[in-house]
Amino acid sequence: MKRYEILNNPSLLLGLFILLALILISVIGPYFVSSPYTQNTSIKFTPPGRDYLLGTDNFGRDVLSRLVVGAKYSLSAGLVSVAIGTFGGLLLGAPAGYYGKYIDNIIMLLCDIMLAFPGIILSMAIVMVLGPGIYTPMLAVGISSIPLFTRLVRAQVLSLRDAPFVEAARSTGAGDLRIIFKHLLPNCMGPIIIQATLRMGSAILMAATLSFLGMGAQPPEPEWGAMLNAARPYLRTSPYLAIFPGLAITITVIGINLVGDGLRDYLDPKLRER
Amino acid sequence: MVAYALRKLIFTCIVLLGAATCSFILLHLIPGDTAEALAGPQASVEDVENLRRSLGLDRPLSEQYFIYLSNLAKGNLGSSYRTKRTVAEEIAARWPATLMLSCTSLLVAVVIGIPIGVYAAIKRGSFLDTISMIAAFIGVSMPSFWLGLILIVVFSIKLGLFPYYGRESLLSYVLPSLTLGLAVAANIARLTRASMLDVLNQDYIRTARGKGLKESRVILVHALRNASIPIVTIIGLQWGFLLGGQVVTETVFSWPGIGRMIVDALLTRDLQIVQGGILVMALTFTVLNLLTDISYAILDPRIRL
């Protein structure tokens, strides 16, 4: 990817800018805001204004500091779950595509079984098994995305399995593991990276959804989905409580999707959308 | 065609059996004691043991699994630990609400998504094209439950136009259908536009214009029909997505459907209900995918199943 190409793509630039800003906020932001846990009922439900830029919630906690401190949860939800999905996908998809036959059949059947559930239902069940907490939605969303990545890796490996360079490697006496890890996987990383980036946005949405349903992060953690859930009883009196956390999630996902679309345009021009 | 459908059907049965097994294992891995949770904090040890025995929870897991499967084969999904009604009754009571909501949402999505996509493709590069594609981009990046909350604040609390609780009248369909439908509309609009742009560059479109057909006929008959395969695929896939999205939307709007039933039952450990609900969801999901496959053949005579 050449530098001027990046500069010529305003949406990729915007996406990168949003993501960098969010990473910066989540890393150094917490040092600049007050504690997201300090309760002060004398100032509860203060609407957004000069003292509290985004207002305070039902316990008098500063919404801005809660959003800032919560940023790391959403960002890591995207990273962790996609890392799990990609790793599991490589582990299952590579042998399925490379060996074919009954190994392929068994792995694909397992994937089809997992894909028979709507993703959110599978994630909900996994979260219940792992127990509620700030990290379990990330694990659950990651595990439930493994079949998608498995299919993708398998298709990639399958398309390259009989390519001349694999033949050449085999004729030099390379073993299966060496062929898979040294020759096949490096050559099919492009589409996998694109898919992983695009998946990150939906992973963040799904993790927030689980917390919104009360199955992930528990109070008083300032996770954005959990904050939206906590805001539901006050929609009539303090609607701003339900606006900012959702806006934060949306901006994060927009940033990631912009970067994902941009990466796709460069790494795989065939898929480019007009 | 028949052989294909039959093969698909057998495969679907295997997948569903796997799904039933998978949900059975997962739900029994959930930590905590079901009998204890159901009996409540005041129950004595004896009560808990009695309850455990009466629910069959004291038997080994493998035995419970085979009892579950043989009941399933007889069409018996068990009964709720809490309400004592059968799971089939609970599902039958909620199924129409869920199905109606997914139909109205899909209607919203198609009615908004396809015209916008077609229009954006025809007027490619125009101001409206840009605006609608930005809106669609934001639409797919937004959590659906947040959209639901905002719709409630604006249309229900501020303007008082639509109810946001339950399913009393036709008006109560409006907000949940919009919540679910708009995200899907965004996806459909983006894909319709891309697929129309592909088709509009083809030779047969030039031919159709060249022989003097009206532009509306060129677009609607010659272009849209050929662009429709990916669109139908995405509608089929999105229907599955709707089913998942309904779990959340039904919770936001207190909709008396299957999705909310599963969430409530999961949170209260009513595992029989969860299991039945999940199985019905998986069945619907799989059948929708099958129908999507078959609809290709109808749209594109070149595809022979």
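Up top is the structure these notes are about.
Residues numbered from 1 in each chain as written. Chains lettered and ligands numbered in written order. Predicted model: local features only at pLDDT ≥ 70, side-chain atom pairs only at ≥ 80, totals over all residues. Heavy atoms only, no water.

## Digging into the overall build of chain B
- For chain B, the count of helices and strands is 12 helices and zero strands.
- Traced from its N-terminal end to its C-terminal end, chain B shows the element sequence α-α-α-α-α-α-α-α-α-α-α-α.
- Here the C-alpha coordinates of chain B stretch approximately 85 × 55 × 30 Å along the principal axes.
- Relative to its full complement of 305 residues, chain B shows a buried share of 50%.
- Expressed as a percentage of contacts within chain B between residues at least 6 apart in sequence, the contacts between residues at least 24 apart total 71%.
- As displayed, chain B offers around 14,800 Å² of accessible surface, 66% of which is attributable to carbon and sulfur atoms.
- Counting 26 positive and 19 negative side-chain charges, chain B places the centres of these two groups 14 Å from one another. (Helix = DSSP H or I, 4+ residues; strand = E, 2+ residues; numbered from the N terminus. Buried < 20%, exposed > 50% of the residue type's maximum accessible area, 1.4 Å probe, protein only. Contact = heavy atoms within 4.5 Å. Areas by Shrake-Rupley, 256 points an atom, 1.4 Å probe, with all protein chains shown as cover. Lys, Arg positive; Asp, Glu negative; His and termini not counted. Charge placed at Lys NZ, Arg CZ, Asp CG, Glu CD.)

## Quick word on the layout of surface pockets
- In this structure, the second largest pocket encloses a volume near 730 Å³.
- As for the second largest pocket, its lining consists of 22 residues, and the residues nearest its centre are Ser11(A), Asp261(A), Met133(B), Phe137(B) and Arg190(B).
- Put simply, the parts of the chain that give the lining of the second largest pocket at least two residues each are α2 (10-28) and α12 (240-267) of chain A together with α6 (127-140) and α8 (174-200) of chain B.
- Of the residues in the lining of the second largest pocket, the class split is nine nonpolar, four polar and nine charged. (1 Å grid on protein atoms, 1.4 Å probe; cavity = no way out; pocket = protein on both sides within 12 Å on 5 of 7 lines; lining within 4 Å. Points joined across faces, edges and corners; volume = space filled by probe spheres on them. Nonpolar A, V, L, I, M, F, W, Y, C, P; charged D, E, K, R; others polar.)

## Here's the deal with the pattern of salt bridges
- Enumeration according to the criterion identifies 12 salt bridges over all chains in this entry.
- With a shortest N-O distance of 3.2 Å, Asp261(A) and Arg190(B) are connected by a salt bridge. Taken together, the residues Asp261(A) in helix α12 and Arg190(B) in helix α8 connect one chain to another.
- A relative accessible area of 18% means that Arg190(B) is categorised as buried.
- Here Glu63(B) and Arg59(B) are joined by a salt bridge, their closest N and O atoms 3.6 Å apart.
- On the basis of relative accessibility, which here comes to 35%, the residue Glu63(B) falls in the partly exposed class.
- By relative accessible area, Arg59(B) is classed as partly exposed at 41%. (Salt bridge = Lys/Arg side-chain N within 4 Å of Asp/Glu carboxyl O.)

## A few points about the interface of chain A and chain B
- Taken together, the contact between chain A and chain B spans 40 residues of the former and 45 residues of the latter.
- Taking both partners together, chain A and chain B bury about 3,900 Å²; carbon and sulfur atoms supply 77% of that area.
- Applying the counting rule to chain A against chain B returns one salt bridge.
- Between the two partners, chain A and chain B, sit five residue pairs in polar contact (both at pLDDT 80 or more).
- At the level of secondary structure, the elements contributing two or more residues to the side of chain A that touches chain B comprise α4 (101-115), α5 (119-130), α10 (189-212) and α12 of chain A.
- Counting residues per element, the side of chain A that touches chain B draws most heavily on α12(A), which supplies 11 residues.
- Across the side of chain A that touches chain B, the residue classes tally to 29 nonpolar, five polar and six charged. (Buried area = accessible area lost by both parts, 1.4 Å probe. Polar contact = N/O pair within 3.5 Å; in protein donor to acceptor, adjacent residues only side chain to side chain.)

## Comments concerning helix α5 (residues 87-122) of chain B
- Look at α5(B): 50 Å from first C-alpha to last across 36 residues, which is about the 52 Å you get at 1.5 Å a residue.
- Of all the bends in α5(B), the greatest, near 35 degrees, is centred on Arg94(B), and the proline Pro96(B) appears no more than four residues after it. (Expected span 1.5 Å × (residues − 1). Bend = angle between axes of the 7 residues up to and from the residue.)

## Focus: the packing of α5(A) against α10(A)
Residue and element names in this part refer to chain A.
- At a minimum axis separation of 11 Å, α5 and α10 run at an interaxial angle of 55 degrees. One way to sum up the angle between α5 and α10 is to call them oblique. Handedness of the crossing formed by α5 with α10: right-handed. Contact residues: Gly119, Ile120, Ser123, Met124 and Val127 in α5; Met206, Thr209 and Leu210 in α10.
- Of the residues in the contact of α5 with α10, the class split is five nonpolar, three polar and no charged. (Axes fitted to C-alpha atoms, helices over the stretch in contact; angles between N-to-C directions. Parallel < 35°, antiparallel > 145°, perpendicular 65-115°, else oblique. Left-handed = near helix turned anticlockwise from the far one by under 90°.)

## Remarks on empty space enclosed by the protein
All names here are of chain A.
- Summed over all chains, the structure comprises one cavity of 30 Å³ or more.
- In this model, the largest cavity occupies a volume close to 80 Å³.
- Lining the largest cavity are 13 residues; nearest its centre among them are Tyr73, Ala77, Ile134, Ala207 and Glu223.
- Only α3 (63-99), α6 (136-144) and α10 provide two or more residues apiece to the lining of the largest cavity.
- In the lining of the largest cavity, the residues fall into eight nonpolar, four polar and one charged.

## Things to note about unusual backbone geometry
All names here are of chain A.
- Cis geometry is adopted by the peptide bond preceding proline 220, which originates at proline 219 and carries an omega value of 5 degrees.
- Summarising the element assignment, proline 220 is placed in the loop between α10 and α11 (224-231).
- Look at lysine 101: it is not a glycine, yet its phi comes out positive at around 50 degrees.
- You can see lysine 101 is positioned in helix α4.
- A relative accessible area of 70% means that lysine 101 is categorised as exposed.

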